[in-house]
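# Overview (structure and organization)
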Amino acid sequence: MRTIDLRSDTVTHPTPEMRQAMAEAEVGDDVLGDDPTVHRLEAMAAERMGKEAAVYVSSGTMGNLLAVLSWCERGDEVILGSEAHILWHESASSAAIAGTLLRPVPNDPRGMLDPDDIEHAVRSYRPGVSPTGLVALENTHNRCSGAALSPSDTRDVAQVAHRHGLPLHLDGARIFNAAVAQEIPAGVLAGHADSVTFCFSKGLSAPIGSALCGPADFIATARKWRKMLGGGMRQLGVIAAAAIVSLETMVPRLAEDHQNARRLANGLAEIPGIVIDPERIETNIVIFEWHGGPHAAFMAKLAEAGVLASSTGAPRVRMVTHYGINAEDIDDALKEIRRVAAGAQEDRAHPGGLRPEPRRLNQDERVEGRLRKITAPLNFQHAGQLLELRGNDPRLGDDFEPSKVVIDLSKCKFIWPSAVIWCACYALLVRNLGRDCELVIPEDTGVSAYLQAAALFSMLQEAGVEVDTHGISQASTAQTILPLSRFTTVFEADQCSNIALERLTEMGFPGPQVAATVSEGFSEFANNAAQHAQSPIGGIGMVQYYRFREGSRFVIAVGDGGIGIRKSLSNNPNLRGKLDNDQAAIALATREMVSGTGDPHRGMGLFTATEYARSGRRRLIIHSGNGVLRVNENDKGIPHGTNPFPGTLAFIGYDVM
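Structural notes, computed from the coordinates. (Residues numbered from 1 in each chain as written. Predicted model: local features only at pLDDT ≥ 70, side-chain atom pairs only at ≥ 80, totals over all residues. Heavy atoms only, no water.)

### Let's talk about unusual backbone geometry
Between Asn-139 and Thr-140 the backbone carries a cis peptide bond, its omega angle lying at -5°. For Thr-140, the position within the fold is in the loop between strand 5 (132-138) and helix 7 (151-163). The residue Ala-92 is not glycine, and still its phi comes out positive at about 55°. Looking at the secondary structure, you find Ala-92 in the loop between helix 4 (85-88) and helix 5 (93-96). (Helix = DSSP H or I, 4+ residues; strand = E, 2+ residues; numbered from the N terminus.)

This is the structure in structure tokens:
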């Protein structure tokens, strides 16, 4: 099967001319300042951007970080857009390494910042206030469908920055795309900026590297920081030679990428379930929304069909055209996308697809036996509180008794995130069997608003669960960092973890240490779920933030649909051949507290993830093969025997005082 890789223009391969130039490059030791090929490249880069000097760096992320380090003091703030690449996709390096606070202001759909918002965000030093040290702009804008800013846009932002004595840095990773789209020199676009970074390894197709350009004294400082970060390379001319070829030969052909992107956008606009405005596509990045079914499943099906894409967070899908992708590839990709989208629409019309049909009840069976109602308590923390679950595990397949399940949350005044995950897992597994399912929402409007903000209702409605959300208008008091998201692979779990980290970084106030702690905790649980989620529903997770009068708390909740309790227990060498059916396996797991690992305290290992927390208090709940395990800071983790469902489910709360 042929693969059409639209994940990014970073997947491009060097041209034959680049490979030849690399093989024949004249080199020296760049750290000692005597590599002639690097000298030539840096002079070309500075000339193209209309700046005094340039320094060759390993990546755009390093270039942007060097700019922040060179312009700012530790403790300064950087004003930038709410969708900026520096904020979302550079591993919080500005905070962790440069010691600066990123202060986002809203991006408009074109990636532009309102000069008035910048004016109001600028801060001067006074006791207790971190001063503004830099303003940053992005052109083209990655997360805004590759929108290209004009010279006047940059001028308007620069005027505000310069009026306050602040430099303006331009993240111009794809500035040549903007230049080709507007048919003007890249230097004109960078003219009002004090410094600019651009990449050789994206649309220009060189294998490695970016350039940071600006005043000579600024570049001298950046070179010092480059060395401190380990960015000093020796015979750098080998790769600089390819970058020179990219500047000399690859800029005009970017127009072809733009044509292919518009061709792709026009085709996507005709596919049911996809939302996109083709008129917004100016360069080579195409971002659309998928509303035809579960986001993770759509991405996975595209990959199976040979069309690789990336996500900027559900429901958004990103595709990027580049060297190596032609019009025929675009047409072939659209053909596969149409097929996958049509299949997803069919799955929505008939939830369960080719899954088993509901078991036909014998005439002798009582009608009321077909309906199973599960009533949640006032303070719903975990599935161990639900006595109705005993003997009603949807992993039993055709032996699952009910033809319809009602999950009644109407009386709930408090619902813990662990219970939210359980509701999602249980309802999705019931629907996967082809059974009907209904979720009765809480009468408490605040609790219902919380569940709506967490995306529980929308996730279940997409799967065909009956949910009447009419009349919910109250805003949730909990802040959703990562709404309920499904993942089936470790890669998708990592994507969710990255989204959580990026949004935490955007919030700013938790600090980089707390953000990293929460992200690592989610990653630990989500990767565990992805590795074990061999059920049709995959893994499900979310991250939330709560503010209380006495402090605040970050919450992680992750669950999976399990691999089947008998299959899990069969991994235990002491139990092989002793389990006749799933019912026996469930009874054994509940009675003897055993698991497929042979460890009588399965689930305790996940508690080690909490050791990264720097706060004084932690809370943990594990649903696992041996029931519900509750662990607080000083608990020994004594399991509470209950019917163990579903699969493994982990909840952790980090208290931030």
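Picking up where we left off.
### Topic: the environment of Val-160
Along the chain, Val-160 turns up in helix 7. Separated by 45 residues in sequence, Val-160 and Pro-115 have C-alpha atoms that sit 6.6 Å apart. Excluding anything up to four places from it in sequence, Val-160 contacts Pro-115, Ile-118 and Glu-119. (Contact = heavy atoms within 4.5 Å.)

### A closer look at the environment of Phe-200
Here Phe-200 shows up in the loop between strand 7 (195-199) and strand 8 (210-214). Along the primary structure Phe-200 and Thr-10 are separated by 190 residues, whereas in three dimensions their C-alpha atoms are 9.5 Å apart. Look past the residues within four positions of Phe-200 in its chain and what remains in contact with it is Leu-41, Tyr-56, Ser-205, Ala-206, Ile-208, Gly-209, Ser-210, Ala-211, Ala-243, Ser-246 and Leu-247.

### As for helix 2 (residues 36-49)
If you check helix 2, its first and last C-alpha atoms are 20 Å apart, about what 14 residues at 1.5 Å a residue would give, namely 20 Å. Every buried residue of helix 2 is listed here: Thr-37, Val-38, Leu-41, Glu-42, Met-44, Ala-45, Ala-46 and Met-49. One side-chain oxygen of the residue at the start of helix 2 lies 3.1 Å from the amide nitrogen of Thr-37, identifying that residue as Asp-35. One or two positions beyond helix 2, positive phi appears at Gly-50, with a value near 70°. (Expected span 1.5 Å × (residues − 1). Buried < 20%, exposed > 50% of the residue type's maximum accessible area, 1.4 Å probe, protein only. Polar contact = N/O pair within 3.5 Å; in protein donor to acceptor, adjacent residues only side chain to side chain.)

### Re helix 11 (residues 237-249)
Its 13 residues give helix 11 an end-to-end C-alpha distance of 18 Å, which sits within 8% of 18 Å, the value for a rise of 1.5 Å per residue. Along helix 11, ten of the 13 residues are buried, which leaves the element largely enclosed by surrounding structure. All buried positions along helix 11 are accounted for by Gly-237, Ile-239, Ala-240, Ala-241, Ala-242, Ala-243, Ile-244, Val-245, Ser-246 and Leu-247. On its buried face, helix 11 is in contact with helix 1 (16-24), helix 2, strand 2 (53-57), helix 8 (175-182) and strand 7.

### Examining the packing of helix 2 against helix 11
When two helices pack together, you describe them by how their axes are tilted relative to each other and by the distance separating the axes. Where helix 2 contacts helix 11, the two axes come as close as 8 Å, and the packing angle between them is 35°. Helix-helix and strand crossings are classified by hand; for helix 2 and helix 11 the assignment is left-handed. Facing Thr-37, Val-38, Arg-40, Leu-41, Met-44, Ala-45 and Arg-48 of helix 2, the residues of helix 11 in contact are Gly-237, Ala-240, Ala-241, Ala-243, Ile-244, Leu-247 and Glu-248. In terms of residue class, the contact of helix 2 with helix 11 is built from nine nonpolar, two polar and three charged. (Axes fitted to C-alpha atoms, helices over the stretch in contact; angles between N-to-C directions. Left-handed = near helix turned anticlockwise from the far one by under 90°. Nonpolar A, V, L, I, M, F, W, Y, C, P; charged D, E, K, R; others polar.)

### Notes on the pattern of salt bridges
Here the structure, examined in full by the defined rule, presents 23 salt bridges. Salt-bridge contacts for Glu-77 lead to Arg-123; the nearest nitrogen and oxygen are separated by 2.9 Å. A residue pair is termed long-range when its members are at least 10 positions apart, and Glu-77 in strand 3 (residues 77-81) and Arg-123 in the loop between helix 6 (115-121) and strand 5 qualify at 46 residues. Of the residues examined, Arg-123 reaches a relative accessible area of 27% and is grouped as partly exposed. Several salt bridges converge on common partners, so that one network encompasses Arg-2, Asp-329 and Asp-332. (Salt bridge = Lys/Arg side-chain N within 4 Å of Asp/Glu carboxyl O.)

### Remarks on the sheet that holds strand 7
A sheet is described by the order of its strands in space; here seven strands give the open sequence 2-8-7-6-5-3-4, paired in mixed fashion. Either end of the sheet is taken by a strand with one partner, and the two such strands are strand 2 and strand 4 (101-105). Taken over all neighbouring pairs, the strand axes of this sheet differ in orientation by 20° on average, direction set aside. Taken strand by strand, helix 2 contacts strand 2, strand 7 and strand 8, and its axis lies near 125° from that of strand 2. (Pairing = 2+ DSSP bridges.)

### So, the sheet that holds strand 13 (residues 316-320)
To summarise the sheet geometry, strands pair through backbone hydrogen bonds and adopt either a parallel or an antiparallel arrangement. Here we have four strands laid out as an open sheet, ordered 9-10-13-12, and antiparallel in their pairing. Pairing within the sheet leaves two strands with one partner each, and these edge strands are strand 9 (274-275) and strand 12 (310-311). Sheet topology places strand 10 (residues 285-290) next to strand 13; five bridges connect them, and they run antiparallel. Of the residues in strand 13, the one forming a bridge with Val-286 is Met-319. Its contacts with the sheet place helix 12 (residues 254-268) against strand 9, strand 10 and strand 13, and it is angled at close to 15° to strand 10. Taken strand by strand, helix 13 (residues 295-304) contacts strand 10, strand 12 and strand 13, and its axis lies near 25° from that of strand 13.

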